[in-house]
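# Working through the structure, step by step
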Amino acid sequence: MSNGDDEAADEAEADAETEADGEEAAESTELSADTLDSRLDEAETALEDAETEGDLDEVEEDLNAIESDLEAADLPEPDEDDEDAEDPRAEFEDRLSDLRDQLEDKRGPYVDDVAAVVEDAEGTITETRWTEDGAADVADAVHAYLEETSDVLDSDLTTGSDDLDVLADSLGQAAQAVEGSALDPDHDAEDIAALLAAAETLADDLEAAEEWDDLTVREQLDHEGFYDDLDPENRKDFPAEWTAIRLYQKQNEPEPVITALETFDSDFMEEYALDALWRMAPEEAFDAINQRAQKRNVRPVEILGKIGDERATDTLHDFIDGDGDPNLQKATLRALGQIGSEESTQPVANRLDADNYEVRSAAARALGLLGDTRAIDPLADVLADDEADEVRASAAWALRQIGTERALDVLGDYSDDRSYIVQAEAEKAV
């Protein structure tokens, strides 16, 4: 036989082997798919018949084994060119996932589930601001839950107090009692279900109770007595809140205005309240104003300056760095000068080289208000070197405010300065 005939025979034999391997693989794939399908049917039947947690554990073990075999199974891949082609692996995975969901639904309930709901309710009570009516409803709901839980556990968990903190603490103790009970999910399923139903009813009742945030702004203010000082005539004015703020400002009563500021959801009314607090500048408003100053708005910064509380300095120092809003920087520098903390001297002096001449001028005047003698040298440099006479005039004014002999001596050298304002300040120093 020729070499050509030998090669042809070898090729024919190889083709035959390839075809045989393909048939064997197809048979193996078909068998694997049939086996997986059958095992899933068996697991589904076992799940339907399961009556105890142990039965469910066995089903879960079967599902885990099926999932492991599915990952190793040699299943055909869908035709990528056919959008409607079936994917056997995906179908098995979906079915396996559905059985796992059914398994979880059939488990329990457990005492841990009950305790988790009760602990959430405890947190809801302590973290929520309730209205008067809402607090009463919360108390009723907790008392009802504690009585029902006490009956199921045959243990007195009730309290005679309507104080929300006491009631929340009682719920915490009830959650511990439930979690520590010997109730078994198989033998005590009815008791656990009753406890869970009571806990879920409690959660629903708390959801329905009136919270402070459920009230409108006007209802909140009315509840706080904001409108109490209005007479029948001016209560009709629109908006009544405007009239009330004007009245409290006239009477120098900041607390109602602070309450309104923290309640308003109107930018216009918030601005009006801030204007009133700017005029009164009460120490009581510090926390509310300092919080609003974090947004880098000018008006709260101005109010902080008028209040004069040194606690604001850390916040305000951050506002004068860099090349931000010049108006904010100027307001901040003025506020720091009004507050008068020596800790502000260096941060303020650093702004004497700001690009904006108005910021430099504000920094110089702020140093004068601070009155720290450490500012004399940088102010002297401004007088000598700054190109803007407005800034130099502010430095002259600042030196006169510091008022020490050395500060006045520095200023006295500028009695014939090119700027009339600088001359005037120097003459006053002499």
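Report follows, based on the coordinates. Quantities reported herein were computed from a predicted structural model and do not represent experimental measurements. (Residues numbered from 1 in each chain as written. Predicted model: local features only at pLDDT ≥ 70, side-chain atom pairs only at ≥ 80, totals over all residues. Heavy atoms only, no water.)

Bringing the nonpolar core into the picture now. If you look at the biggest cluster of nonpolar residues, it comprises 71 residues, and the most contacted ones within it are I245, L277, L316 and L379. If you tally residues by element for this core, the top one is helix α19 (residues 389-402), at eight residues. The next biggest cluster of nonpolar side chains, apart from the first, holds 30 residues, and it includes A121, L146, L183 and L195. (Core = buried A, V, L, I, M, F, W, Y, C linked by side-chain atoms within 4.5 Å. Buried < 20%, exposed > 50% of the residue type's maximum accessible area, 1.4 Å probe, protein only. Helix = DSSP H or I, 4+ residues; strand = E, 2+ residues; numbered from the N terminus.)

On to the pattern of salt bridges. Counting across every chain of the model gives 20 salt bridges. A salt bridge links R292 to E270; its shortest N-O distance comes to 3.7 Å. Within this pair, whereas R292 is found in helix α12 (residues 286-293), its partner E270 is found in helix α11 (residues 267-280), the two being separated by 22 residues in sequence. Taking relative accessible area as the criterion, R292 reaches 14% and is therefore assigned buried. For E270, a relative accessible area of 21% corresponds to the partly exposed category. As a salt-bridge pair, E302 and R299 come within 2.6 Å of each other at their nearest N and O atoms. Of the two residues, E302 and R299 both sit in helix α13 (residues 298-307), three residues apart, roughly one turn of that helix. (Salt bridge = Lys/Arg side-chain N within 4 Å of Asp/Glu carboxyl O.)

What follows covers the packing of aromatic side chains. This structure, assessed with the given rule, holds four aromatic pairs. Judged by centre distance (5.2 Å) and plane angle (85 degrees), the ring pair of F226 and Y227 falls under edge-to-face. Per residue, the accessibility class of F226 equals that of Y227, and both read buried. Between the aromatic rings of W242 and F268, the centroid separation amounts to 5.5 Å while the plane-to-plane angle is 75 degrees, which identifies the pairing as edge-to-face. Here W242 is found in helix α9 (residues 240-250), whereas its partner F268 is found in helix α11, with 26 residues between them in sequence. For W242, a relative accessible area of 31% translates into the label partly exposed. Following the ring pairs from residue to residue traces out a cluster consisting of F226, Y227 and Y248. Over the ring of W278 we find R299, and its NZ or CZ is 4.5 Å from the ring centre. One cation-aromatic arrangement involves R365 over W397; the distance from NZ or CZ to the ring centre is 4.0 Å. (Phe/Tyr/Trp six-rings, centres within 6.5 Å; stacked < 30°, edge-to-face > 60°. Lys NZ or Arg CZ within 6 Å of the ring centre and 35° of its normal.)

Before going further, it helps to spend a moment on unusual backbone geometry. Within the chain, D154 stands out as a residue other than glycine whose phi angle is a positive 55 degrees. Taking relative accessible area as the criterion, D154 reaches 71% and is therefore assigned exposed. One non-glycine residue, A281, lies in the positive phi region at around 50 degrees. Checked against the element boundaries, A281 lands in the loop between α11 and α12.

Function-wise, these values are silent; they only describe arrangement.
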